[in-house]
Amino acid sequence: CLTGGEIFMRKDFFEIYRAAREKGFLLTLFTNVTMITPEIADRLAEDPPFSIETSCHGGTEEVFDAVTQVPGSFKKFVKGLRLLMERKLPVKVKTKAMTLNRGKLHDIKKLVESFGLTFRVSTLIYPDLNGSLKPCAYRLSPEESVALEMSGEDLDREDRCAGVSDEPTERLYRCGCGTRV
């Protein structure tokens, strides 16, 4: 997985990409797609990665730009996603349900599905790598997370551990990791 910051900020991205491909790596790219140009999309189409994953923070310019705190990021996101989709590249879109897009998941789902992609949502928000808990302030409440889980939306696999059963249980957390199933 090639990830960053934003991977396409690196001037040597395609050198790294090519070297990894030559060594036989199966590559997944994590990108915000805002820096995708026709040239970048064409190069990826010539030698496609296994998958390209991006996050959609809002289904409208107002919400998306509020989450990213970067004016114009929604327009760049849509443009970059369109360039990748036009070239039939293997794109996956993820959504983090959070306080900043609460109540707006339907808009995000509509946008993602307008590209012919599957809407995937997760409620997991982690602390920063430096240990700061600041991002956790944007987590939905436990009640909201449970309501989303019960809504039937397609929750992203990262919300689940291997061995999780959908069978009813009395345990609050249904993770099967480290237990015998």
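Residues numbered from 1 in each chain as written. Predicted model: local features only at pLDDT ≥ 70, side-chain atom pairs only at ≥ 80, totals over all residues. Heavy atoms only, no water.

**Student:** Outline the overall build of the protein chain, listing residues and values.
**Tutor:** Each helix and strand counted, the protein chain has six helices and four strands in total. Counting helices and strands in the order they occur from the N terminus, the protein chain gives α-β-α-β-α-α-β-α-β-α. In the protein chain, which comprises 181 residues, the proportion classed as buried is 36%. For the protein chain, the share of sequence-separated contacts (at least 6 apart) that also reach a separation of at least 24 residues comes to 61%. Surface exposure of the protein chain reaches about 11,500 Å², of which carbon and sulfur atoms provide 54%. (Helix = DSSP H or I, 4+ residues; strand = E, 2+ residues; numbered from the N terminus. Buried < 20%, exposed > 50% of the residue type's maximum accessible area, 1.4 Å probe, protein only. Contact = heavy atoms within 4.5 Å. Areas by Shrake-Rupley, 256 points an atom, 1.4 Å probe, with all protein chains shown as cover.)

**Student:** Now, about the confidence of the model for the protein chain: what can you tell me, with residues and values included?
**Tutor:** Low pLDDT marks regions whose predicted coordinates should not be analysed in detail. Here the protein chain averages 88 in pLDDT, while 84% of its residues score no lower than 70. With pLDDT under 50 throughout, residues 157-165 is counted as low confidence; its partners more than four residues away or in other chains account for 21 contacts. (pLDDT = per-residue confidence, 0-100.)

**Student:** Lay out helix α1 (residues 13-22) with the relevant residues and their values.
**Tutor:** Among the residues of α1, those classed as buried are F13, F14, Y17 and A20. Take α1 and look down its axis: the buried residues cluster within an arc of 125°, on one side only. The exposed residues of α1 that point more than 90 degrees off its buried face are E15 and E22. Each element contacted by the buried residues of α1 is listed here: β1 (28-30) and α2 (38-46). Two residues or fewer after α1 comes G24, characterised by a positive phi angle close to 90°. (Arc of directions from axis to C-beta.)

**Student:** Give me the lowdown on the packing of helix α3 (residues 61-68) against helix α4 (residues 73-86), citing residues and values where you can.
**Tutor:** Here α3 crosses α4 at 105°, and the two axes come no closer than 8 Å. With respect to each other, α3 and α4 are oriented roughly perpendicular. Of the residues in α4, those touching α3 at E61, F64, D65 and T68 are S73, F74, K75 and F77. A per-class count over the contact of α3 with α4 returns three nonpolar, two polar and three charged. (Axes fitted to C-alpha atoms, helices over the stretch in contact; angles between N-to-C directions. Parallel < 35°, antiparallel > 145°, perpendicular 65-115°, else oblique. Nonpolar A, V, L, I, M, F, W, Y, C, P; charged D, E, K, R; others polar.)

**Student:** Describe the environment of C56, with residues and values.
**Tutor:** Tracing the sequence through the fold places C56 in the loop between β2 (51-55) and α3. Taking relative accessible area as the criterion, C56 reaches 1% and is therefore assigned buried. Spatially, the C-alpha atoms of C56 and T95 are 5.2 Å apart, while their sequence positions differ by 39 residues. Residues within four places of C56 in sequence aside, it is in contact with F64, F77, V93, K94, T95, I108, L111 and V112.

**Student:** So what's going on with the nonpolar core? Which residues, and what values?
**Tutor:** In terms of nonpolar packing, the biggest core is built from 37 residues, with F8, L29, L44 and L84 touching the most fellow members. Counting only elements with at least two residues in this core, the list comes to α1, α2, α4, β3 (91-96) and α5 (105-114). Not counting residues within four places of it along the chain, the set of residues in contact with F8 comprises F13, F14, L29, T31, M35, I36, I40 and L44. (Core = buried A, V, L, I, M, F, W, Y, C linked by side-chain atoms within 4.5 Å.)

**Student:** A description of unusual backbone geometry should follow, citing residues and the corresponding values.
**Tutor:** For Q69, which is not a glycine, the phi torsion comes out positive at approximately 60°. One can find Q69 in the loop between α3 and α4. Phi is positive for K88, which is not a glycine, with a value near 55°. In this fold, K88 is placed in the loop between α4 and β3.

**Student:** Break down the side chain of T28 for me, citing the residues and quoting the values.
**Tutor:** Looking at the secondary structure, you find T28 in strand β1. Overall, the relative accessible area of 14% leaves T28 in the buried class. Not counting residues up to four positions away in its chain, the partners in contact with T28 are C1, L2, F50, S51 and E53.

**Student:** Lay out the packing of aromatic side chains with the relevant residues and their values.
**Tutor:** Counting across every chain of the model gives seven aromatic pairs. Summarising the aromatic geometry, the rings of F8 and F14 are spaced 6.4 Å apart at their centres and angled 45° between planes, so their arrangement reads as tilted. Per residue, the accessibility class of F8 equals that of F14, and both read buried. For the ring pair F64 and F77, a centre distance of 5.0 Å and an interplane angle of 35° mean the geometry is tilted. With F64 in helix α3 and F77 in helix α4, this residue pair connects regions lying 13 residues apart in the sequence. Grouping residues by exposure puts F64 and F77 together as buried. (Phe/Tyr/Trp six-rings, centres within 6.5 Å; stacked < 30°, edge-to-face > 60°.)

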